[in-house]
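Topology and contacts: notes
Spelled out from the first residue to the last, the chains are:
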Amino acid sequence: MDPPMQLQRPARSATVTHTNVSRRDQTSNDKMFRFFFLLLVSFAILSFILQRSILSKVTNGVETNVLPTQSTKQRQPKLADGCYHVFLDVGANIGIHARFLFEPDLYPDSTTSVAAFAREFGYPRDNRDYCVFAFEPNPKFKQRHLDKEKAFQAMGWRYTPILAGASNADGNFTFFHTHNVKDPWEVGFSATASKTLYGHDAIQENVPIIRLASWIQKEVEGRRLPKQHSNNVSEPKVIMKLDVEGLEFKVFPDLLTTGALCNNIYFLMGEFHYAAGNHNHYPMNVTADGKHVLKDRKEGRKMARDMLHLIDVTDTCMTRYSLADDESYHKDPHDLPSPK
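Quick look at the structure, then. (Residues numbered from 1 in each chain as written. Predicted model: local features only at pLDDT ≥ 70, side-chain atom pairs only at ≥ 80, totals over all residues. Heavy atoms only, no water.)

1. Focus on the overall build of the chain
Helix and strand counts for the chain come out as 8 helices and 14 strands. For the chain, with 340 residues in total, the buried portion stands at 42%. Considering only contacts in the chain between residues 6 or more positions apart, those separated by 24 or more positions represent 75%. Surface exposure of the chain reaches about 19800 Å², of which carbon and sulfur atoms provide 55%. (Helix = DSSP H or I, 4+ residues; strand = E, 2+ residues; numbered from the N terminus. Buried < 20%, exposed > 50% of the residue type's maximum accessible area, 1.4 Å probe, protein only. Contact = heavy atoms within 4.5 Å. Areas by Shrake-Rupley, 256 points an atom, 1.4 Å probe, with all protein chains shown as cover.)

2. A look at the side chain of Lys241
Its location among the elements puts Lys241 in strand 10 (residues 238-242). Lys241 gets classed as buried once you look at its relative accessible area, which sits at 8%. Within the structure, the side chain of Lys241 is placed 2.7 Å from the side chain of Asp89, a separation counted as a polar contact. Filtering out sequence-adjacent residues up to four positions away, Lys241 remains in contact with Phe87, Leu88, Asp89, Val90, Gly91, Ala92, His97 and Met269. (Polar contact = N/O pair within 3.5 Å; in protein donor to acceptor, adjacent residues only side chain to side chain.)

3. Quick look at the pattern of salt bridges
Should the charged atoms of two oppositely charged side chains come close, the side chains can pair. This model, assessed by the stated rule, comprises 11 salt bridges. Among the salt bridges present, the one from Asp89 reaches Lys241, with a minimum N-O distance of 2.7 Å. Residue Asp89 is found in strand 3 (residues 85-90), and its partner Lys241 is found in strand 10; the two are separated by 152 residues along the sequence. In terms of burial, Asp89 and Lys241 fall into one category: buried. In this structure, the salt-bridge partner of Asp126 is Arg128, at a minimum N-O distance of 2.7 Å. Owing to a relative accessible area of 17%, Asp126 belongs among the buried residues under this scheme. One continuous salt-bridge network, built from bridges that share partners, spans Arg99, Glu103 and Asp332. (Salt bridge = Lys/Arg side-chain N within 4 Å of Asp/Glu carboxyl O.)

4. Structural notes on the nonpolar core
Of all hydrophobic cores here, the largest spans 49 residues; its most connected members are Leu88, Leu212, Met240, Phe249 and Phe252. Secondary structure elements with two or more residues in this core: strand 3, strand 4 (130-135), strand 9 (203-211), helix 6 (212-219), strand 10, helix 7 (248-258) and helix 8 (297-313). Discounting chain neighbours no more than four positions away, the residues touching Leu212 are Val90, Phe135, Ala166, Ser167, Met240, Leu242, Val251 and Leu255. Grouped together as the second largest cluster of nonpolar side chains are 25 residues, Ala116, Phe121, Tyr130 and Phe152 included. (Core = buried A, V, L, I, M, F, W, Y, C linked by side-chain atoms within 4.5 Å.)

As structure tokens, this is what we get:
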């Protein structure tokens, strides 16, 4: 009689053992993956912090803190780097408006500008927070502006003369002495009026001009801000005075269409030349091809109002403006300051 058949159990233990080993391997792999992933993330964070630490530095007293991008590496220095507030005196003449800003107490008879600076910048002020860029094409005032720059620098104030006229293009242009050219305090150096107020031919002079909109975008927009010195904490501002003897009809459209005005200028003050005393500016070409001519003061006034209306109806334009023209102190009665 054959012995009873023994039931063979499957070799389950081997299979189970193999499965357990596979699961342990998988668990081990997961842990290793998480470890290396966390290590990689930690390394990336540390690298980012180190790069920011390297790039966050103080240069010439200006604290910079910028992300390490390609554009940062190629960034060119700007004239307004280190300027908390900026005043652009475009059509500076003798540069009296810089003194209205830096030394307001010396000029109590200023009609509007001293009050405008107090309203926009506050008072009292720390002059180290301000940079003035004075645009003036009249060669007669070159030395006066250089002397101001030196005197103000000794006081710790930043004043930079831009010895050129403001326009909508770079190059050279013919300007005219429309008043008494022999007057050391001469006013009325214009590129649009070839006659004096009395109808005589004005003396000509060829001077450099710059495209103001491009200059603002290159030298002011995106400037590196320092810490504010004044205890009267305020947001950084750029204020501009525009008094360019008729060239505003070329400059202003360019400032508007490029965004240089609305994106940068917090407050604008100045003058459009269409008043009764500005008859010698007309007729006036406002484009290089001569296709657009302002025939008289009435057309000048309409163009000015149309351009200002664009500011009023543009929600994204930060600029506020005043056409109050401060012609006080065209002769400066005070000596330049010196450190005490």
